[in-house]
Amino acid sequence: MRNRRKRPIIKTHKKLTDMLADKKLDDPSSLRSKIISMETSSKQVITKKVAGELSPVLHVMVDRVKNLLGEPMDLIVREFEFELEHKVTATLLFLEEMNDPQILNEFILAPLMSLSSHKQSSPVPVDHALHYIKQNALALGRVLDVETEDELVEGLLAGFSVLLVEGNTKGLKLGTTGGKVRGIEEPSSEVVIRGPKDSFTESIKTNISLIRRRVRSKDIRVEKFIIGEVTHTDVAIVYLENIANPLLINEIKERIEEVKTDGLLESGQLEEFIQDETVTVFPQFLNTERPDVVIGNLLEGRVGIIINGTPFVLIAPAQFIQFFQSSEDYYMRYDISTFLRLLRFSVFIISLIAPSIYIALTTFHQAMIPTTLLFGIAAQREGVPFPAIAEALVMEITFEILREAGIRMPRAVGVAVSIVGALVLGQAAVQAGLVSPAMVIVVGITAVASFAIPSFAVATSARLLRFPLMLISSIFGFYGLTLALIVIIAHLTSLRSFGYPYLSPFAPIQTEDLKDSLFRFPIKKLFKRPEKLSKRNQTRTRPYSVKKKREEETTR
Amino acid sequence: MKLLKSCLSFSICLLFLTGCWDQNELDELSIVMGIGINIDKKGDLIVTYQVVNPTEVAPGITGAGGGKQPVFTVYETKGRNLMEATRKASKQTSRRLFFAHARMLVFSEKIAKDSIYQAVDMISRDPEVRSTIQVVVARGTTPSKLLRTFTAIDKVTSDEVATILKISEKNWGENMQQDINEVLQSIIDEGGEPIINGIKITGDKKLAVTAQNYEVGDPARVQLSGMGVFRDGKLKGWLDGPEARGVLWIKGKLVSSAITVPCMGNDNGYSIEIVRSNTELSADTKGKIPSLAIEVFPEANIAEANCAVNLEKPSEIFKIEKKLNGVIEKEIENTITAAQDFNSDVLGFGELLYRENPKKWRNEYKQHYKEIFPQLKVEVNVDSRIRRSGIRTSPFLFEEKKKKEAP
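Bear in mind that the values here come from a model prediction, so they are computed numbers and not experimental data.

Peer 1: Please clarify how the domain arrangement of chain B should be interpreted in this entry.
Peer 2: Bring the parts together and some accessible area is lost; that lost area is often taken as the interface size. Residues and elements named next belong to chain B. Per the domain assignment, the segments of chain B are domain 1 (27–59 + 68–240) and domain 2 (242–407). If you average the C-alpha positions of domain 1 and of domain 2, the two centres end up 32 Å apart. With 27 residues of domain 1 at the interface, the matching set in domain 2 holds 27 residues. Across the interface of domain 1 and domain 2, roughly 2,200 Å² is buried in total on both sides, 59% from carbon and sulfur atoms. Summed over the three residues of domain 1 that lose the most area to domain 2, namely M176, E190 and L239, the buried surface amounts to 28% of that side. Seen at the junction of domain 1 and domain 2, the total is two salt bridges. Viewed at the interface, domain 2 and domain 1 are joined by eight residue pairs in polar contact (both at pLDDT 80 or more). Of all the secondary-structure elements, those providing two or more residues to the side of domain 1 that touches domain 2 are helix 7 (157–171), strand 8 (221–231) and strand 9 (234–239). The class makeup of the residues in the side of domain 1 that touches domain 2 is nine nonpolar, seven polar and 11 charged.

Peer 1: Just checking my understanding: could you explain the UniProt feature "transmembrane region" (unreviewed entry) in chain A for this structure?
Peer 2: Residues and elements named next belong to chain A. Feature annotation in UniProt places "transmembrane region" (unreviewed entry) on residues 342–364, 414–432, 438–459 and 471–492, given in this structure's numbering. Span residues 414–432 is 95% helix and 0% strand, its end C-alpha atoms 25 Å apart. Overall, residues 471–492 shows 100% helix and 0% strand. The separation of its end C-alpha atoms is 21 Å.

Peer 1: Would you take a moment to explain the environment of K66 of chain A for this structure?
Peer 2: All names here are of chain A. Structurally, K66 is set in helix 2 (residues 58–69). Given the relative accessible area of 30%, K66 is considered partly exposed. On a C-alpha basis, the gap between K66 and D234 in space is 25 Å, while along the polypeptide they are 168 residues apart. When neighbours within four sequence positions are excluded, K66 is seen to be in contact with E71, P72, L75 and V77.

Peer 1: Got a minute to help me understand the pairing of strand 11 (residues 313–316) of chain A in this structure?
Peer 2: Taken residue by residue, a regular strand's side chains alternate between the two faces of the sheet. Residues and elements named next belong to chain A. Going residue by residue along strand 11, you find V313 and I315 tucked away on one face and L314 and A316 tucked away on the opposite face as well. Relative to strand 11, strand 9 (residues 286–288) runs antiparallel, the two sharing three bridges. Pairing of N287 across the sheet is with L314, part of strand 11. The pairing of strand 10 (residues 303–307) with strand 11 spans three bridges and is antiparallel. Among the inter-strand pairings, V303 is bridged to a residue of strand 11, identified as A316.

Peer 1: Which parts of the structure should I look at to understand the packing of aromatic side chains?
Peer 2: Between two aromatic rings, the relevant description is the distance of the centres plus the angle of the planes. Applying the stated criterion to the full structure yields 16 aromatic pairs over all chains. An angle of 55° between the planes, with centres 6.5 Å apart, marks the rings of F323 of chain A and Y502 of chain A as tilted. Remark: Y502 of chain A occurs in the loop between strand 13 (500–501) and helix 16 (511–514) and F323 of chain A occurs in the loop between strand 11 and helix 10 (334–363); sequence separation between them is 179 residues. For the pair formed by F323 of chain A and Y502 of chain A, the shared burial category is buried. One aromatic cluster in this structure is built from F282, F320, F323, F324, F345, F348 and Y502 of chain A. Over the ring of F160 of chain A we find K173 of chain A; its NZ or CZ atom is 4.8 Å from the centre of that ring. A cation over a ring is seen here: K155 of chain B above Y214 of chain B, with NZ or CZ 4.9 Å from the ring centre.

Peer 1: Explain the sheet that holds strand 4 (residues 143–146) of chain A here, please?
Peer 2: Strand pairing in a sheet is mediated by backbone hydrogen bonds. Such pairs are either parallel or antiparallel. Residues and elements named next belong to chain A. If you trace the five strands from one edge of the open sheet to the other, you get 2-3-5-6-4, paired in antiparallel fashion. The sheet terminates laterally at strand 2 (75–83) and strand 4, the two strands that pair on one side only. Here the average twist between neighbouring strands, direction ignored, is 25°.

Peer 1: Just to check I follow, could you spell out the pairing of strand 1 (residues 29–39) of chain B for this structure?
Peer 2: All names here are of chain B. Burial analysis of strand 1 places 11 of its 11 residues in the buried class, which makes it a mostly covered element. Judged from the three bridges that link them, strand 1 and strand 4 (residues 96–98) form a sheet pairing that is parallel. By the bridge assignment, S30 is partnered in strand 4 with L97. With seven bridges connecting them, strand 1 and strand 2 (residues 45–52) associate as antiparallel partners. Note that in strand 2 the partner of V32 across the bridge is V51. The turn joining strand 1 and strand 2, which pair antiparallel and follow one another in sequence, is formed by five residues; a positive phi near 100° is taken by G43. Across four bridges, the pairing between strand 1 and strand 5 (residues 104–108) is parallel. Bridge pairing links I37 to F107 in strand 5.

Peer 1: Before we go on, may I ask you to explain the nonpolar core in this structure?
Peer 2: Nonpolar side chains tend to gather and get buried jointly when the protein is soluble and globular. Counting residues in each nonpolar core, the largest one holds 49 residues, and the members touching the most others are Y270, I272, I332 and F349 of chain B. Looking at which element gives the most residues to this core, the answer is helix 11 (residues 314–342) of chain B, with eight residues. When residues of this core are assigned to domains, at least three map to each of domain 1 (27–59 + 68–240) and domain 2 (242–407) of chain B. Beyond its immediate chain neighbours, meaning those up to four positions away, I332 of chain B contacts W249, I250, I294, V296, V380 and V382 of chain B. In terms of nonpolar packing, the next biggest core, distinct from the first, is built from 45 residues, I211, V215, F282 and L286 of chain A among them.

Peer 1: Help me out: how do you make sense of the state of the cysteines in this one?
Peer 2: Cysteine pairs can be covalently joined through their sulfur atoms, and such a bond is termed a disulfide. All names here are of chain B. Scanning the model with the defined rule gives one disulfide over all chains in all. A sulfur-sulfur separation of 1.5 Å characterises the disulfide bridge that pairs C263 with C307. Taking the sign of the torsion about the S-S bond as the criterion, the disulfide between C263 and C307, at about 75°, is right-handed. In this pair, C263 is assigned in strand 10 (residues 257–263) and C307 in the loop between strand 12 (291–305) and helix 11, connecting sequence segments 44 residues apart. Exposure remark for C263: the relative accessible area of 1% places this residue in the buried category. Given the relative accessible area of 5%, C307 is considered buried.

Peer 1: When you look at the environment of L82 of chain B in this model, what are you seeing that I'm missing?
Peer 2: All names here are of chain B. If you trace the backbone, L82 turns up in helix 3 (residues 82–88). Taking relative accessible area as the criterion, L82 reaches 5% and is therefore assigned buried. C-alpha of L82 to C-alpha of D44: the two residues are 38 residues apart in sequence and 9.4 Å apart in space. With residues up to four places along the chain from it excluded, the contact list for L82 reads I37, L45, V47, A119, M122 and I123.

Peer 1: I tried to follow the pattern of salt bridges on my own but got confused; where do I start?
Peer 2: Should the charged atoms of two oppositely charged side chains come close, the side chains can pair. Scanning the model with the defined rule gives 47 salt bridges over all chains in all. Notably, a salt bridge pairs R255 of chain A with D276 of chain A, separated by 3.0 Å at the nearest N-O pair. Within this pair, whereas R255 of chain A is found in helix 7 (residues 246–258), its partner D276 of chain A is found in the loop between helix 8 (267–274) and strand 9, the two being separated by 21 residues in sequence. With relative accessibility at 8%, the residue R255 of chain A sits in the buried group. Here E128 of chain B makes a salt bridge to R96 of chain B, at a shortest N to O gap of 2.9 Å. Residue E128 of chain B is found in the loop between helix 5 (117–125) and strand 6 (134–138), and its partner R96 of chain B is found in strand 4; the two are separated by 32 residues along the sequence. Taken together, the shared-partner salt bridges in this structure form one network comprising K134, D145, E147 and K170 of chain A.

Peer 1: Please explain unusual backbone geometry as it appears in this structure.
Peer 2: Peptide bonds are trans in most cases, and residues, glycine excluded, mostly fall at negative phi. With an omega of -10°, the peptide bond running from A316 of chain A to P317 of chain A counts as cis. Position of P317 of chain A relative to the elements: it lies in the loop between strand 11 and helix 10. Within the chain, D232 of chain B stands out as a residue other than glycine whose phi angle is a positive 50°. The topology assignment puts D232 of chain B in the loop between strand 8 and strand 9. Although it is not a glycine, M264 of chain B adopts a positive phi angle of roughly 45°. Mapped onto the elements, M264 of chain B comes out in the loop between strand 10 and strand 11 (266–284).

So, how was this worked out
- Residues numbered from 1 in each chain as written.
- Chains lettered and ligands numbered in written order.
- Predicted model: local features only at pLDDT ≥ 70, side-chain atom pairs only at ≥ 80, totals over all residues.
- Heavy atoms only, no water.
- Domains from an automatic or database assignment.
- Contact = heavy atoms within 4.5 Å.
- Buried area = accessible area lost by both parts, 1.4 Å probe.
- Salt bridge = Lys/Arg side-chain N within 4 Å of Asp/Glu carboxyl O.
- Polar contact = N/O pair within 3.5 Å; in protein donor to acceptor, adjacent residues only side chain to side chain.
- Helix = DSSP H or I, 4+ residues; strand = E, 2+ residues; numbered from the N terminus.
- Nonpolar A, V, L, I, M, F, W, Y, C, P; charged D, E, K, R; others polar.
- UniProt positions renumbered as here; feature names shortened; annotations may be inferred.
- Buried < 20%, exposed > 50% of the residue type's maximum accessible area, 1.4 Å probe, protein only.
- Pairing = 2+ DSSP bridges.
- Phe/Tyr/Trp six-rings, centres within 6.5 Å; stacked < 30°, edge-to-face > 60°.
- Lys NZ or Arg CZ within 6 Å of the ring centre and 35° of its normal.
- Axes fitted to C-alpha atoms, helices over the stretch in contact; angles between N-to-C directions.
- Core = buried A, V, L, I, M, F, W, Y, C linked by side-chain atoms within 4.5 Å.
- Disulfide = S-S within 2.5 Å.

See the structure below:
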């Protein structure tokens, strides 16, 4: 048991040190060939194992593609001719709904078909046709050579159109990707009052563009991976090269490369594959729909992981305290932000232990309840047939049922469920003497509290831990509750997110980082990046240097 | 398999290690608010418990009975000692008696005269009973009657008494809160003796123990009545009125009070409101009989002036201060004389001497303290300051006098 729990931490440390040693030996060819830097992809030569050369005979080639894909109905094969030295036959292949028909028509078919030999200064031989039209005829940004069948098929599936020319052993992959995607909307799970209102979408391209538009830095790096043996899902990591720790980047890359799975549909799946510790209720990644949150974290030296097909972007490494911070904290005045952060943290504590405290107080420590309140609770308990723990469990589970029902049920019946939930289960249960009104209040405050935490991920961990804590405090009272909380804190301290202590900056204590933890100091004081994250580039642009300069000028 | 084994052993451990031994659901508890202790002729303790009926006390909750039931019930048991009597109570109660919220411990005068030592140990030893439980002596009545008295405002008698004590200490200063801790401390202190508040029932005593007491406009009430002076755990007598206030002056516990000072022929002319006070004690242990000095520094306001005095003149204020000093000095001296007459050091002089000169206390004074205490010379010095005179300066009587003299 012990060994198993310790393993990830040791592993991480070992890896980091190993990497340090290997750093200089690292040669680029050892990187998996699948990785394509999107920046340089047009130049990079893709070296895939040679499966089948392309046949220069067009109809043979088309038949083979059809065969490979199982003659799909949405594969469009457009044959046409154009004129160079003499007539050349060409075929354009694409999957219908994944391409933009307008681009296909206007920038590929139209210019090619209007080519004629008269315009040429010198005749072009047929086997140079491909090169020639790439250089002269295709008014498109992304045009790549295709040399193998596998590449061709992959390109088709990724939404490229493929141009094959009779007599050429190469093809052209054309970036005509299109089709319908969801537009940029307001974030649904992270609503703020003040702050940007756009959010990520399912398309990785849109998401990267949302980030790029906001960070006009040459140091921003976007690296692409393809994960999923079946789905071939695009995954990209984003970081700022001059800030992020290279060891961290390597570790993340390595872990992502190690993922072997059929398909990757959501960032939650990747999260489970690459997290440090599996046996825990606490999230080790921050997930967000908001581009500004990602950028804020990039500026601190963290890394964003974008997965195609989901608007939720992962941020690693994550610290516990981050789950209580909202991007709005930095847009509002520091005093109110500090207040709100403290509030959110206490709200987490409430949603974690409120029912346990109620149970412990009423069954063990009646002496701690103020006398008048004790009379009130005792009067309410009068005639309730169940012990406090049963009462609490019934109410909490009822609430969980209501909540789950509220998420899953169709909108149309929503009103009915809330009426049944609020009236029948709340009021009627009290009137029938099944539960005491105080218990309803406790469950109510717990429920409301759990929704006030900005991160849903950490709210769910409080939700899960609540039940064991309730059981423990019904058996051991505050003594048990305290022990359980100690265990939870010990567990939190043992957690690592990519080797970074989960409870930092509290444990280990990092005084400089404390300024932006439970408190938020005025933004002028926050000129240090998190200590462990950005070893290379600790200091942010300092507001003081500008101020000082000005002062000097005026004194002169 | 390994997991199953560890789970099994864990759950077997739980059977033996359960912490449920002090688990009690709230509806299995009887909340005791007051404890009364009396003694019968055979020497057995009669213990009375005042237990609340929460459905009647709780705000906004009306139980099945709907306001028909009494607010509290009283159980009474006998036993050779306190624990025996307490456990015997289970013969009458359907629920476990729960003492943590008890606010009042009443001794009867009978047991107080016999000795309170036989009844305080369990109260201070039991972890459930709070050390803030107020100790009182039922004066001219018995604990069982007192605990059966229905009081009008705070419905539970014990609650009412404890609150009265708190309010009265702050506003009048003839009684001070004495919880079980303070009582024990004063017993343990060198040469010290406890002083315990007295409480009596006023009005129709027969009506007091019926619920009808709620319904009449002038019900029987509980009322604080002096402080009982003990010697060797036995009640020796009572300090009443200003003599009782003297105790608070000396102990420096007086928060606020009103003191009557004569004014231009009117004996009850001024009423001086004390707002805060400081007391300094010092001892001189040179002689065979030690001497003590008490210095009191009260700050006061003029609350009432029923004579034609010109308060705009500072000299008048100084005059008042001087008179006030005299009155307070007299009060304190009376208290000391009374305590010396009882030969009971409720004022904590012994502890003072011990702290001043521990060696001499141990070697000389301690053995003969019973003889020394009545002979102690105490010098009392009061230095009061009058700060304010309310929202007017001179009384209307002075203005009237001026008007008469003017034409």
